[in-house]
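Residue-level listing of the chains:
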Amino acid sequence: MELRHLRYFVAVAETKSFTKAAERLFIAQPPLSRQIQQLEAEIGVQLFERGTRPLQLTEAGQFFYQHAVKLLSNAEEVKSMTTRIGIVERSIKIGFVASLLYGLLSKIIYVFRQQQPNLKVELIEMSTFEQIQALKKGQIDVGFGRLRISDPHIKRILLREEPLVVAVHQSHPLAQQANISLAEIEQENLFLYPNIAGANFATQVQGIFAEHSLTPKSIKLVREIQLALGLVAAAEGVCVVPESAKSIQLAHVHYIPIIDHDAVSPVFMAIRNLDAADDLRALFDCIYQVYDLEAIEYDRSVF
């Protein structure tokens with residue numbers, strides 16, 4: 001006995017007609033009648049009262065109908081549960097540097113989750129360097145960072161160049177300006193982050209100063225962007241941050257655009273070479289859906 005036999009039997013029992021059951025099942029009536037006869041022969045009992053109009057179940061048929069409905073329901077539930085389990089096992093692990101969450105990455109992840117409701121998305125904060133290592137070890141599937149770190153096993157995709165801004169206390173004389181140059185903050189107490197060894201956002205900003213032959217008078221490295229901006233709010237100095245950090249609204253902190261053309265922080269997406277999984281392509285599409293909404297120029301021919 002197969003599930004299709006149960007479906008045929010239930011259809012006939014509920015419609016009380018071979019003709020109507022055949023229409024419901026989208027099959028011809030003669031094959032349906034033969035399937036019911038084979039089912040009765042296999043069970044060894046008559047399930048329908050022949051010659052009655054409408055068609056009636058025998059006592060054995062009524063018993064069999066009740067259990068057939070339960071069996072079909074259980075089969076659908078097992079199928080549905082198995083499908084859900086299989087879907088949950090699909091996952092994507094995304095590494096990111098914290099500052100990107102203040103910008104468009106949070107919007108991108110939200111859109112991605114909406115468009116991929118059956119995909120488990122796991123976010124893991126880590127530095128750009130850590131992302132490269134994690135990609136090579138298979139610990140993450142994609143990384144979002146700000147540093148140009150080359151590795152023969154990793155494909156790095158430049159998504160955009162994010163402008164940098166200067167955060168100052170609203171009482172600072174510079175707060176009255178519509179824009180600012182790096183030279184104008186060379187003599188200020190400058191807070192940069194993070195205070196970890198190796199290449200990071202702080203070294204990136206210092207490199208931009210160096211390209212302009214500038215040497216800030218006082219650089220103080222702090223743990224994270226919130227601490228740097230908190231110190232600015234206390235009027236302890238100024239801080240250079242990505243433009244997206246303007247979403248961090250602290251009392252008395254004012255953000256001023258930097259006019260130097262190279263005062264930007266690149267945003268990179270990193271994946272393993274030759275990795276072109278459908279989930280990664282879907283994520284890539286979400287990135288540019290958000291960029292379109294934000295009117296950000298981009299070149300997506302790289303993926």
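Placed above this text is the structure.
Residues numbered from 1 in each chain as written. Predicted model: local features only at pLDDT ≥ 70, side-chain atom pairs only at ≥ 80, totals over all residues. Heavy atoms only, no water.

**Student:** How should the packing of helix H1 (residues 3–15) against helix H3 (residues 29–43) be read in this particular structure?
**Tutor:** When two helices pack together, their arrangement is given by the angle between the helix axes and by the axis-to-axis distance. Interaxial distance between H1 and H3 falls to 10 Å at its minimum, and their mutual angle equals 110 degrees. Between H1 and H3, the angle falls in the class roughly perpendicular. Between H1 and H3, the residues in contact are Arg4, His5, Tyr8, Phe9 and Val12 and Leu32, Gln35, Ile36, Gln38 and Leu39, respectively. Counted by class, the contact of H1 with H3 contains six nonpolar, three polar and one charged residues. (Axes fitted to C-alpha atoms, helices over the stretch in contact; angles between N-to-C directions. Helix = DSSP H or I, 4+ residues; strand = E, 2+ residues; numbered from the N terminus. Parallel < 35°, antiparallel > 145°, perpendicular 65-115°, else oblique. Contact = heavy atoms within 4.5 Å. Nonpolar A, V, L, I, M, F, W, Y, C, P; charged D, E, K, R; others polar.)

**Student:** It is not clear to me how the packing of aromatic side chains should be interpreted in this structure. Could you clarify?
**Tutor:** Given two aromatic rings, their pairing is described by the distance between the two centres and the angle made by the two planes. Counted by the stated rule, this structure contains six aromatic pairs. Ring geometry for Phe9 against Phe48: centres 5.4 Å apart, planes inclined by 55 degrees, an arrangement best described as tilted. In this pair, Phe9 sits in helix H1 while Phe48 sits in strand S1 (residues 48–49), placing the two residues 39 residues apart along the sequence. Accessibility assignment for this pair places Phe9 and Phe48 in one class, buried. Ring pairing ties together the aromatic residues Phe9, Phe18, Phe48 and Phe64, which thus form one cluster. Taking NZ or CZ as reference, Arg156 lies 5.0 Å from the ring centre of Phe268, over its face. (Phe/Tyr/Trp six-rings, centres within 6.5 Å; stacked < 30°, edge-to-face > 60°. Buried < 20%, exposed > 50% of the residue type's maximum accessible area, 1.4 Å probe, protein only. Lys NZ or Arg CZ within 6 Å of the ring centre and 35° of its normal.)

**Student:** I tried to follow the pattern of salt bridges on my own but got confused; where do I start?
**Tutor:** Think of it this way: side chains of opposite charge can pair up when their charged atoms draw near. Tallied over the entire structure, the rule returns 11 salt bridges. Of the charged contacts in the structure, one is a salt bridge between Glu2 and Arg4, with a shortest N-O distance of 2.8 Å. The partly exposed category is assigned to Arg4, whose relative accessible area is 32%. Its salt-bridge partner being Arg7, residue Glu76 comes within 3.9 Å of it at the nearest N-O pair. Note that Glu76 is positioned in helix H4 (residues 59–88) and Arg7 in helix H1, a separation of 69 residues in sequence. (Salt bridge = Lys/Arg side-chain N within 4 Å of Asp/Glu carboxyl O.)

**Student:** Sorry if this is basic, but what is going on with the environment of Leu147 here?
**Tutor:** The residue Leu147 is located in the loop between strand S5 (142–145) and strand S6 (154–169) in this model. A sequence separation of 52 residues divides Leu147 from Ala199, and the C-alpha atoms of the two residues are 7.7 Å apart. In this structure Leu147 touches Thr128, Arg156, Ala199, Asn200, Phe201, Gln204 and Phe268, once residues within four positions along its chain are discounted.

**Student:** What's the story with the nonpolar core in this structure? I'm lost.
**Tutor:** A general feature of soluble globular proteins is that nonpolar side chains tend to end up buried together. In this structure, Ile185, Val240 and Val241 are the most contacted members of the largest nonpolar core, which totals 36 residues. For this core, the elements supplying multiple residues, two or more each, are S6, strand S7 (189–192), helix H7 (201–211), helix H8 (225–233), strand S9 (238–242) and strand S10 (253–257). Once residues within four sequence positions are removed from consideration, Val240 is found in contact with Leu164, Val165, Val166, Ile185, Leu190, Phe191, Leu192, Tyr193, Phe201, Val205 and Ile258. Counting residues in each nonpolar core, the second largest holds 29 residues, with Val142, Leu159, Met269 and Leu280 among its members. (Core = buried A, V, L, I, M, F, W, Y, C linked by side-chain atoms within 4.5 Å.)

**Student:** What is the right way to read unusual backbone geometry from this model?
**Tutor:** Between Arg53 and Pro54 the backbone carries a cis peptide bond, its omega angle lying at -5 degrees. Here Pro54 shows up in the loop between S1 and strand S2 (56–57). You will see that Phe26, though not glycine, has its phi angle at about 60 degrees, which is positive. Within the secondary structure, Phe26 sits in the loop between helix H2 (18–25) and H3. The exposed category is assigned to Phe26, whose relative accessible area is 76%. Even without a glycine there, the phi angle at Ser213 is positive, about 55 degrees. Position of Ser213 relative to the elements: it lies in the loop between H7 and strand S8 (218–221).

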